[in-house]
Every structure is written in structure tokens, then in C-alpha cells.
Amino acid sequence: MMTRIFLSILLIILVSCSPDSKVYEKEFDTPLMIRNEEFRIAGDYDSLMTLNTKYYKKADSMGYQEGKALCYINLAQVNISLENYKKAEVFFDKAEIILRNSKNNTHKAIFYANYSRLNREFKNFDKAFEYNNEAMNYIRKSENPELKNRILFNIYFAQGEYYMIGQKYNLALESFHNMKKLDQTGIADCIISDYFYMRKNKDSAYKYISSAYNKMITGKKNDANALNIYTIMGEYYLTYKQYDKAEIEFKQALEIDKKTRRIFANYTKYIYNDLRMLYEQKGDQEKAFFYLNVYTKARNKTYDTLSATIDQDMQAFIEETIKDSEKQEKKVRWIILLMLAGFSLLGIYAWRIISLLRKKKAALTMETEKLKARVDGSKQDEILELARKNDPEFFNRFKETYPEFINRLLSINPNLETSELTFCAMIKLHFTSKEIAAYTLIQHRTVQQKKYRIRKRLHIPTETDIYHFFDELG
């Protein structure tokens, strides 16, 4: 009887502390996610961190655990942009624990949409596509109209990108057009333009990039979307040898990059590389060398120059979650003491709660120590990083890890050169043509030409996907 009374009272306490999902959807979820996206696109790192710290404390005071999960997801998203994938995983793990039994479809859609992106960065394309589909399933059931279209916009974008990777071009274009229906900024036009640019459809590429460009100018935007639009427009002009126009667009992109790089830090090197190619084609070797030099420095130092500040901020946020755990433990102890005053037979329940909280605190402390340690990734991570840096050691490390793959290539054609084997290694690691071009300092069309030559050298049928061929090879 006493136990039943205690459980009934405890249930009343817990229910009375539970937030009304509709109320917090309006007062917490929507303003947090809208403001977070505004700060992220503007590249305003300080405001974004302040916002999420403020809302985390607000969620704590409300007892709104799902609100904390949204803050974790927002910080994971920032760390993905900065290529701090280990930190992103820490925040995703925290969010996943909270949302595991959640009934909130909007929250789960936000989680899976962003977690899909992390898997995309890890080249886990099947998983990325699967999680993006999960996000789509949840957002279709969402009843939050203010957030639904914003999330759906990002889901369609990722969906189109995954279809492009799988060479399902018609489905990709359909996804991008679905994305365009939800867009007022011009970024969807920019993405569709890039699609036609890669498909060598000059007229359509120019039509859509011009539309994006006009919307950007009309809206007087100087954010990450404008950065992307200026860059794509510059690359369009560069491809068709309109060098003066390309130079203007790249310089505009560079100005915006200075304001946004604390969140989009890794975009800088791509603009420098575009400028290097521009001056190289114009025959201005001095400027080409200058931008090659700054590109190399940006590629090598982008993360290092920001990592100290970012690490400090992220560590401070994690320590805040530990303090939160301690506060929760104190609150529960007080409740237990009050309950024990009237129900002395229920001490066993108090010790169970304390034990659970201690385990939670120990788990959080362990996660913090893991974050401080910055343990290096697996051999695969090391090889990927060497490839991104265009390090001469890349091929040797790859050969040590995938000896059978190299042997099978040579068994097909013993006359393959080292440079061709290195190119095959990058395809084996599922780098896209655009990524290979950026990392090896060559143009996108040169990569396509190399793929064609490799097909001939290895007798790969035209109907066979080269990535699938290498996956099957071993």
C-alpha cells in the first residue's frame, strides 16, 4: 500500500513537471531553430553559441529534455561544417539518448536529417540515404508548420545530392525542384544551376544561376547562401573563359567568406583554388602562384587557427551539461528527503535514483575526457585525410591498407602508372569528381577525362558504374 501511494505521488510530480509539447513547440522549439539557422547562415558563430547556451539553460529550468536535444543537434551541425566530426558525434550521441523514446516527429526529423549529413561526410552513403529517408518519414507526420518546410527543404537537398552520387540524375533533379518550391532565397536555383553545369547544359546552368543571383541581389544578402551563389557564378564564367566577370564574382565571395568563415571555415580554400585556376588560365603566373600559396595555407591551417577557440567553447558547453547533471541530482535528493520524511519505507527507491544519476554523471565525465584526448581515428580516417591534403604519402598508406586492390588492378593492366593507381585509389575511397578536383588542384573536367581514360585502361564497360566496379574488385 505504501509503495503504491509513493508511486502515485511521484507520478503526479513528474507529470506536473512535464512540459506541454504544443506550448514549448511555439515558445521554445520554433524560435530556437529559426534563430539558430539565421545565425548559422550568417556565419555568426558567437551569436549561435550564445543562443544555444541560453536555450539549454532555459530547457533545464523547464525540465524540457527534448529542448536540450535540439541544442545538442545545433552544435553537432556547426561541428560538421568545421569538419570536427568526433565532436559532432559526441553531441549526436547525447541528442539520440534523449530522443530515443520521444514522440515528437519534428525533433526526430531534425535529428535524422543532420545525422544523415554526418554519415555523408564519412562516405557512408547508404546509411546517409537511409537516415535522410527516416527524416522524411518523420517530417511528413510533423504538426509544426513553421518548422516543417524548413526541415523539408534540407531533406530534399540531401536527397538530391544522394541521387547524384548514385547517378540517378532525373530523380536528383526532381528532388531539387521540390526543394525549389520551398525556397525564397535563390539557393535552390543555385543548386539546380550546379546540376546543369555538371551535366554540361550551359543554357540551363546560366538560367538558374542568374535567377539565384538576382534573388540574392534583390534581397541584399551577404550570408553563406550568397557565398555559394557568387562562387557558382564565378565558376560558370571561368568555365566559359569570361575571366574578368569570374574574377569579380570570386572576389565578392572572398569578402563574404571573411564574415562567415568561423562557421564555414573550410569554404575558404575552395575560393582560393578557384582564383588560382582563374589566374593560371589568364597566364598571370605571379597571381596564380600567390593564390596557390594561400590556398595551401588555408587548407592546412583553417582548422588549426579556429580549433583552440572552438574546443574551448564546446568544452564549456559540455561542462555545463555536467553541472546540469549535478543540479538534477541535488533536486532529486531533496525530493527523496521530503518523501522519506513521510514514507520511511521507501529508501530503496531513493538509492536507486541516486545510483542512476551517479552513473549518468560518470558517463558524461567519461565523454568529456574522450573529447579532451582527441584520439586519432582509424587507418581509414588517416588515409582520407592524406588524400584531402594531397599528401605524397597517401598512395603508400593506401597500398599498405588495400594491397589486394592494387594487385588486382595490376593484374588487369600491368602497365598502369603510379599516378593512375593513385587516381583509382581516390575513386575507391568514393571521393566525388568535384572533391578529387579540389584536393588534387585540377579542374573538374580533367577528372572526368581521367575517369574515361581509366575506364579504357581497365576495360570497364560504359554501362558499369566505376565506383561499383572498384567496390567489387576488392
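This report concerns the structure included in the present document. Computed from a predicted structure; not experimentally measured.

## Let's talk about the nonpolar core
- Counting 98 residues, the largest nonpolar core has Phe28, Leu32, Phe176, Met179, Leu275 and Leu278 as its most contacted members.
- When residues in this core are grouped by element, the largest group, 10 residues, is from helix H12 (residues 224–239).
- Ignoring sequence-local partners within four residues, the contact set of leucine 275 consists of Phe250, Lys251, Leu254 and Tyr291.
- Ile406, Ala438, Ile454 and Phe469 belong to the second largest nonpolar core, which has 33 residues in total.

## Looking at the packing of aromatic side chains
- Scanning all chains against the criterion turns up 28 aromatic pairs.
- Seen in terms of ring centroids, tyrosine 112 and tyrosine 131 are 5.9 Å apart; in terms of plane orientation they differ by 20°. Their pairing is stacked. Of this pair, tyrosine 112 sits in helix H6 (residues 105–121) while tyrosine 131 sits in helix H7 (residues 125–140), and the two are 19 residues apart along the sequence.
- Where phenylalanine 431 meets tyrosine 439, the ring centres are 5.5 Å apart and the plane angle is 85°; that geometry is what we call edge-to-face. Each member of the pair, phenylalanine 431 together with tyrosine 439, is buried.
- Members of the aromatic cluster, each reached through a chain of ring pairs, are Phe92, Phe111, Tyr112, Tyr115, Tyr131 and Tyr138.
- Across the ring face of tyrosine 169, the terminal group of arginine 199 is positioned such that the distance to the ring centre comes to 3.8 Å.
- Directly above the ring of tyrosine 240 sits lysine 202, whose terminal nitrogen or CZ lies 4.5 Å from the centroid.

## A few points about the pattern of salt bridges
- All chains considered together, the criterion is met by 20 salt bridges.
- When the shortest N-O distance is used, the salt bridge between arginine 120 and glutamate 161 registers 3.6 Å. Highlighted residues: arginine 120 in helix H6 and glutamate 161 in helix H8 (residues 145–165), separated in sequence by 41 residues.
- A relative accessible area of 9% means that arginine 120 is categorised as buried.
- Note on glutamate 161: relative accessible area 27%, which makes it partly exposed.
- With a closest N to O distance of 2.6 Å, aspartate 189 and lysine 180 form a salt bridge.

Cut-off values and rules
- Residues numbered from 1 in each chain as written.
- Predicted model: local features only at pLDDT ≥ 70, side-chain atom pairs only at ≥ 80, totals over all residues.
- Heavy atoms only, no water.
- Core = buried A, V, L, I, M, F, W, Y, C linked by side-chain atoms within 4.5 Å.
- Buried < 20%, exposed > 50% of the residue type's maximum accessible area, 1.4 Å probe, protein only.
- Helix = DSSP H or I, 4+ residues; strand = E, 2+ residues; numbered from the N terminus.
- Contact = heavy atoms within 4.5 Å.
- Phe/Tyr/Trp six-rings, centres within 6.5 Å; stacked < 30°, edge-to-face > 60°.
- Lys NZ or Arg CZ within 6 Å of the ring centre and 35° of its normal.
- Salt bridge = Lys/Arg side-chain N within 4 Å of Asp/Glu carboxyl O.

Worth remembering: the numbers are spatial, not functional.
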